[in-house]
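# Fold and contact review
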Amino acid sequence: MGAQMLDGKAYAKTLAEQLKKEFAELKAKGREGHLVSLSIGSDESSDWYVSNQKKAAEKLGVRYTADRIDAASTREQAAARIREICARPDVTGMILQLPVPKHLDANDLAKVIDPAKNVEGVDPDNLGHLVMKQYRNLPCTARAAVELAAQSGIDFKGKHAVVLGRSIIVGKPAAMLLLDKDCTVTICHSRTPNLPEVCRQADILVTAMGAKPGIVNGDYVKPGAVVVDVATIAVEGGKYAGDCDFESVNKVAGWLSPVPGGVGSVTTQILFKNTLETLKRQ
Ligand SMILES: NC(=O)c1ccc[n+]([C@@H]2O[C@H](COP(=O)([O-])OP(=O)(O)OC[C@H]3O[C@@H](n4cnc5c(N)ncnc54)[C@H](OP(=O)(O)O)[C@@H]3O)[C@@H](O)[C@H]2O)c1
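All values reported here derive from a predicted model rather than from experimental measurement.

Each value, and the rule that gives it
Residues numbered from 1 in each chain as written. Predicted model: local features only at pLDDT ≥ 70, side-chain atom pairs only at ≥ 80, totals over all residues. Heavy atoms only, no water. Pairing = 2+ DSSP bridges. Helix = DSSP H or I, 4+ residues; strand = E, 2+ residues; numbered from the N terminus. Axes fitted to C-alpha atoms, helices over the stretch in contact; angles between N-to-C directions. Patch = residues over 30% accessible without salt bridge, like charges linked within 9 Å, V, L, I, M, F, W, Y side chains within 5 Å. Areas by Shrake-Rupley, 256 points an atom, 1.4 Å probe, with all protein chains shown as cover. Salt bridge = Lys/Arg side-chain N within 4 Å of Asp/Glu carboxyl O. Near = heavy atom within 4 Å. Polar contact = N/O pair within 3.5 Å; in protein donor to acceptor, adjacent residues only side chain to side chain. Nonpolar A, V, L, I, M, F, W, Y, C, P; charged D, E, K, R; others polar. Buried < 20%, exposed > 50% of the residue type's maximum accessible area, 1.4 Å probe, protein only.

### What about the sheet that holds strand β4 (residues 93-96)?
- Strand order in this open sheet of three strands is β3-β2-β4, and the pairing throughout is parallel. The sheet is open, and its two borders are formed by β3 (63-69) and β4, each paired with just one other strand. Geometrically, the sheet is characterised by an average inter-axis angle of 20° between neighbouring strands, direction not taken into account.
- Direction of pairing for strand β2 (residues 34-40) relative to β3: parallel, over a ladder of seven bridges. From the neighbouring strand, Ser39 faces β3, where its bridge partner is Arg68.

Below, the structure written as structure tokens:
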């Protein structure tokens, strides 16, 4: 018998229904959600995300504006456009699409976004509030990974969680969220020795490396563990794979999130959940 699936598609559907209802209720009271995306130049994968977000917004009844400035824009021009977007009272939240052109620094520009409108939650203010357990906009992917496991009724209290990856987008915020759920947390990275041995101690294993498909195999997994695979790695034929070798992990784990159909399916809805919560706060 294989692991039980952490079904991201099903959870995304449930979330979408709830969000649609709440956005409609607020709209009826004259408060319309409006998300603005800013792209600097164009990039195939980020343009794909924009079109996906646009479709999701339409389904949820949220206004979505895809703004774009020239790839050659200076830091000052990009910052000016971000400030202009955030200053508009009709704008609920904004997203800066990544990657930005090489001459710009995404982390520097993220600091220009008004934290109250940064629905992606990856800036010093929102991350600082996360560390203080005073949640504002939580980083979407980390929130999606933890919520996907939580909604399945998984008990976190006192469990040992191991997070593979220490990025500010996924690894670190996921570790903070797990800590707040009373897990004992170990964060691993490319310099961690004996990775399989550390992972085998995990009751909850969150993998967010994205280096090579299938690195995490059954030898990394404690029997019955919850495995949440965050990675999305482009493979041949326009498909995506995760960090986990699905077949061997599935034989050992108690719960497993598939790729595709796991965390990635939930992340977009979490972006709109952050937008809804932002709208309610404004
Ligand atoms: N599902 C979604 O919605 C969603 C959203 C965002 C990202 N993602 C995916 O999640 C993955 C991680 O994204 P990210 O932005 O966090 O990536 P990132 O910034 O490249 O961070 C990757 C992390 O994994 C660690 N790592 C890489 N190879 C490793 C190895 N062989 N052994 C141990 N640790 C290793 C790195 O360690 P060092 O710090 O030592 O370099 C780093 O901390 C990617 O596949 C990305 O596509 C998915």
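Further notes follow.
### Here's the deal with a nonpolar patch on the surface
- A contiguous nonpolar surface patch, about 220 Å² in accessible area, is contributed by Leu98, Ile168 and Ile169.
- Among the secondary structure elements, Ile168 is positioned in the loop between β5 (160-164) and α7 (171-180).

### Remarks on the site of the ligand
- Surrounding the ligand, one finds 17 residues, the nearest of these being Arg166, Ser167, Ser190, Thr232 and Thr267.
- His189 is positioned with one of its backbone polar atoms (N or O) 3.5 Å from a nitrogen atom of the ligand.
- The contact in question runs from an oxygen atom of the ligand to an N or O atom on the side chain of Thr267, over 2.8 Å.
- Here the shell around the ligand is composed, by residue class, of seven nonpolar, nine polar and one charged.

### A closer look at the pattern of salt bridges
- By the definition in use, this model includes 13 salt bridges.
- In this structure, Asp108 engages Arg75 in a salt bridge whose closest nitrogen and oxygen atoms are separated by 2.8 Å. Here Asp108 is found in helix α4 (residues 106-110), whereas its partner Arg75 is found in helix α3 (residues 75-87), with 33 residues between them in sequence.
- Using a relative accessible area of 30% as the deciding quantity, one classes Arg75 as partly exposed.

### Thoughts on the pairing of strand β8 (residues 226-229)
- By the alternation rule, side chains of β8 split into Val226 and Val228 and Val227 and Asp229, which are all buried.
- Pairing analysis gives two bridges linking β8 to strand β11 (residues 255-256), with the strands arranged parallel. Following the sheet pairing, Val227 is matched in β11 by Leu256.

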